[in-house]
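# Structure at a glance
Now for the letters of each chain:
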Amino acid sequence: VDGVDAVDVVVVGGGIGGLANALALTQKGLRVRVLERAAEFGEVGAGLQIAPNCTRILDHWGLLDEVRSLGVLPENIVMKDAVDGSELTRLDLKDVEARYGAPYLVIHRSDLHGVLLRACRRAGVDLVTDVAVTGYEQEDGRATAIHAGGRETAPVVIAADGIHSVARPLLSDDEPVSSSYVAYRGAVPATQVEALGVSMRDVVVYVGPKCHFVQYPLRSGEMFNQVAVFESPKARAGEEDWGTPDELDHAFADTCEEVRAGLPLMWRDRWWRMFDREPIPTWVTGRIALSGDSAHAPLQYLAQGAVMAIEDAYVLSEHVAAQLAAGMGADGLDWDAALAAYGAVRPEHCRRVLTTARAWGELWHHVGDERLWRNEVMRSRDVHDYSFVDWLYGPTALTPDEEPTMFAPA
Ligand code: FAD
């Protein structure tokens, strides 16, 4: 492949993380090729919440207006108890935007993916489908992605190939960690929920005993997104047929009317087991770098998975830009320095997100007295206290020095 169509970077995987890397590096002047296993670029699933630490970057890339026009800017994130429906705490998202200088948005996954895909096309990224990478090699400062149809070699290969990454075993022998929680999703036309009296202005999260339920509007309020998550007894027992609709209904049987009213609108023909990955401290080996879920698939409780993937792309591209600014040009770029700078800051940040997401999920799912205690603690929070999210929603750190101390008082 070296020769006429040689590129500076090969990105494996064309999900949100892969496209973000391709776009960011192309904007800095590099030639990038994306290899995607699927026959078409696309995203399955429903809504995504994207916090200010992501929208700030999308703005930097010139994409925020388009993302805003496709998404919804909710007014609040409201947390409620799923059993009695009472409010526990909230984040005022106008305040959040004022504090962090970037909005909190919700958007359909395929819309965010589409924005990145169009931007990649405009920027001239070489987008290749139907290529499943099966292995990697590297020597003399160049890395190769191997696939059934041949080999793609470049100074750097970025593996953004998701939680079941083929590249990750180069750095770690861990496996995805299965939780016994299962998610049902459902994005339906807003007209279907009008009669339910749901909020079309807020993200509402009902936290309950071994279950939770999330609702928010999508597509300028034309659609309504719901996610129902619960611990599957059959998954816990190691049985094969985990997560069936009868388990869904049983898990939410004792929840409040508002939650139960939303359940019939879930897609009932497919459901997802929740997996994450153990944090690993090293994402770079030679000229191969992990990015996105391949590096740090989280449990979704902090809604930072796609956000972290976009941050990864931003951080690496800014270090590449710093190298280019040093005047060497793409051919003389000190990739080892750029990759080392990326590896010095991102794994530690994402380790915190992964471990906090696990703890946050446990707090959501408390039962009995622990649930009552959780409710008291949440109700006593000053709604203007942002110390729990400053470390997430503030500017993305480019170096370890810039990384905020967790839970530092505002
Ligand atoms: P993926 O989306 O998995 O993309 C990987 C791509 O690589 C795919 O296109 C795949 O086809 C391709 N690929 C895989 N293997 C190969 C191969 N061998 N060769 C070539 N191509 C390959 N995140 C948020 O930020 N906010 C949220 O609100 C949020 N909610 C979530 C809710 C749920 C229920 C779940 C499960 C996740 C949620 N996330 C959320 C997390 C988010 O969806 C992921 O973290 C994010 O999509 C990861 O993107 P990625 O590009 O790294 O990986």
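Numbers given for residues are sequential positions, taken from 1 along each chain in its written order. Given that this is a predicted model, residues contribute local features only at a pLDDT of at least 70 and side-chain atom pairs are listed and counted only at 80 or more, while totals for whole chains, interfaces and linings are drawn from all residues. Excluded from the side-chain calculation are hydrogens and water; included are all heavy atoms of the structure.

### Focus on the site of the ligand
Formally: Proximity is defined per residue: any heavy atom of the residue falling within 4 Å of a molecule or strand makes that residue near it. Within 3.5 Å is the distance limit for a polar contact, defined as a pair of N or O atoms, with the added protein rule that one can donate a hydrogen and the other accept it, and that residues adjacent in sequence qualify only through two side-chain atoms. Residue exposure ignores everything except the shown protein chains as possible cover, and the areas themselves are Shrake-Rupley values with a 1.4 Å probe. Helix and strand definitions follow DSSP, with helices as H or I runs of at least four residues and strands as E runs of at least two, each counted in order from the N terminus.
What surrounds the ligand is a group of 29 residues, the closest being G17, E36, Q49, R109 and D293. One of the side-chain N or O atoms of E36 is found 2.6 Å from an oxygen atom in the ligand. When the ligand sits alone it has 1000 Å² of accessible area, and the protein chains cover 86% of it. Secondary structure elements with two or more residues in the shell around the ligand: α1 (16–27), β3 (47–50) and α10 (305–332). When residues in the shell around the ligand are grouped by element, the largest group, three residues, is from α10.

### A word on the sheet that holds strand β9 (residues 142–147)
Going by this rule: A pair of strands is labelled paired if DSSP reports no fewer than 2 bridges between them. Axes, fitted as lines to C-alpha atoms, cover a helix only where it is in contact. Angles between the N-to-C directions of the axes lie from 0 to 180 degrees.
With respect to topology, three strands assemble into an open sheet ordered β8-β9-β10, the strand pairing being antiparallel. Of all strands in the sheet, those with a lone pairing partner are β8 (133–139) and β10 (150–154), marking the two edges. Shown here is a sheet whose adjacent strand axes are inclined to one another by a mean of 20 degrees, direction ignored. Pairing between β9 and β10: five bridges, direction antiparallel. What sits directly across from H147, in β10, is G150.

### Some points on the sheet that holds strand β12 (residues 177–189)
Put simply, the test is: Residues are treated as being in contact if the distance between any of their heavy atoms lies within 4.5 Å.
The strand order across the open sheet formed by seven strands is β5-β4-β13-β14-β15-β12-β16, and the pairing between neighbours is mixed. Of all strands in the sheet, those with a lone pairing partner are β5 (87–92) and β16 (272–276), marking the two edges. Along the sheet, successive strands turn relative to each other by an average axial angle of 20 degrees, direction set aside. Relative to strand β15 (residues 223–231), β12 is paired through nine bridges, and the arrangement is antiparallel. Each bridged residue has a counterpart across the sheet, and for A187 the counterpart in β15 is N225. Most of the contacts of helix α11 (residues 335–364) go to strand β13 (residues 202–208), to which it runs at about 70 degrees, and overall it touches β4 (76–81), β12, β13, β14 (211–218) and β16. Sitting on the sheet, helix α12 (residues 368–379) touches β4, β5 and β13, and the angle it makes with β5 is about 40 degrees.

### As for the pairing of β14
On a regular strand, one side chain projects to one face of the sheet and the next to the other, so that they alternate. Heads up, the rule is: Whether a residue is buried, partly exposed or exposed follows from its accessible area with a 1.4 Å probe, protein chains only, as a fraction of its type maximum: under 20%, in between, or over 50%, in that order.
Of all eight residues that make up β14, eight are buried, and the element is covered over most of its length. The two faces of β14 match: C211, F213, Q215 and P217 on one face and H212, V214, Y216 and L218 on the other face are all buried. Across five bridges, the pairing between β13 and β14 is antiparallel. Bridge pairing in β14 links V204 to Q215. In this antiparallel pair of consecutive strands, β13 and β14, the connection spans two residues, and K210 shows a positive phi of 55 degrees. Hairpin remark: β14 followed by β15, antiparallel, with four residues in the connecting loop; positive phi at R219, about 45 degrees.

### Concerning the pairing of β8
Pairing geometry for β8 and β9, over six bridges, is antiparallel. In the sheet register, V133 faces β9, and the bridge partner there is H147. Connecting the antiparallel pair β8 and β9 is a turn made up of two residues, with D140 showing a positive phi of about 50 degrees.

### So, the packing of aromatic side chains
Aromatic ring pairs are reported here in terms of the distance separating the ring centres and the angle at which the planes meet. We apply this condition: Aromatic rings from Phe, Tyr and Trp, with only the six-membered ring used for Trp, were paired whenever their centres fell within 6.5 Å, and each pair was classed as stacked if the ring planes differed by under 30 degrees, edge-to-face if by over 60, and tilted otherwise. Two limits define a charge over a ring: the Lys NZ or Arg CZ must be within 6 Å of the ring centre, and within 35 degrees of the ring normal.
On inspection of all chains with the given rule, the structure shows ten aromatic pairs. With centroids separated by 6.3 Å and ring planes inclined at 90 degrees, the aromatic side chains of Y100 and Y386 adopt a geometry described as edge-to-face. Remark: Y386 occurs in the loop between α12 and α13 (390–393) and Y100 occurs in helix α4 (residues 93–100); sequence separation between them is 286 residues. Taking the relative accessible area as the measure of exposure, Y100 reaches 10% and is therefore buried. Look at Y386 and you get buried, because its relative accessible area is 4%. An angle of 35 degrees between the planes, with centres 6.0 Å apart, marks the rings of Y184 and F230 as tilted. In this pair, Y184 sits in strand β12 while F230 sits in strand β15, placing the two residues 46 residues apart along the sequence. Classification of Y184 as buried rests on a relative accessible area of 0%. Note on F230: relative accessible area 0%, which makes it buried. Between the NZ or CZ atom of R185 and the centre of the ring of W272, over which it lies, the distance is 4.4 Å.

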